[in-house]
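# Notes for the structure review
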Amino acid sequence: MSEIVWQKSSFSGSNEGGSCVELAMGAADLRHLRESDDLGSILVTDAEKLNCFLLAIKAGEFDHLA
């Protein structure tokens, strides 16, 4: 089993310790997401579902929740 390598969102800025979303690719086309200030809580989904979610965010489908 290989170690998961996390990538920090480019929208998080460069400050260390700042709150951000991190993403990692796993086996079997799985994607792992976590919040940098809660490393133990990880959301796991597949690439297609993550892509649909990101497209919905970009389209503003969740703006009413802000």
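Refer to the structure above for everything that follows.
Residues numbered from 1 in each chain as written. Predicted model: local features only at pLDDT ≥ 70, side-chain atom pairs only at ≥ 80, totals over all residues. Heavy atoms only, no water.

## Quick look at the packing of aromatic side chains
The criterion, for reference: Pairing of aromatic rings covers Phe, Tyr and the six-membered ring of Trp, with a centre-to-centre limit of 6.5 Å; geometry is then stacked below 30 degrees between planes, edge-to-face above 60, and tilted otherwise. The rule is simple: take the accessible area with a 1.4 Å probe, protein chains only, and divide by the maximum for that residue type; under 20% is buried, over 50% is exposed, in between is partly exposed.
Overall, the coordinates contain 1 aromatic pair when judged by the stated rule. When the ring of Phe-53 is compared with that of Phe-62, the centres are 5.7 Å apart and the planes differ by 50 degrees; the resulting orientation is tilted. Since its relative accessible area comes to 41%, Phe-53 is described here as partly exposed.

## A few points about the pairing of strand 4 (residues 38-46)
Threshold: Any two strands are treated as partners once DSSP identifies two or more bridges connecting them. Strands here mean DSSP runs of E at least two residues long; helices mean DSSP runs of H or I at least four residues long; both are numbered from the N terminus.
In this structure, strand 3 (residues 30-35) lies alongside strand 4, joined through 6 bridges in antiparallel fashion. For Arg-34, the partnering residue across the bridge sits in strand 4 and is Ile-42. Here strand 3 folds back onto strand 4, and the loop between the two strands holds 2 residues.

## Structural notes on the sheet that holds strand 1 (residues 7-8)
The line we're drawing: Here a residue-residue contact requires only that any non-hydrogen atoms of the pair lie within 4.5 Å. Fitted lines through C-alpha atoms serve as axes, helices being fitted only where they are in contact, and the angles separating the N-to-C directions of these axes extend from 0 to 180 degrees.
Spatially, 4 strands are ordered 1-2-3-4 in an open sheet, and the strand pairing comes out antiparallel. Each of the sheet's edge strands pairs with one partner strand only, and the pair in question is strand 1 and strand 4. With 2 bridges joining them, strand 1 and strand 2 (residues 21-25) adopt antiparallel strand pairing. Along strand 2, the bridge assignment pairs Lys-8 with Glu-22. Together, strand 2, strand 3 and strand 4 form the strand contacts of helix 1 (residues 47-58), whose direction differs from that of strand 4 by roughly 105 degrees.

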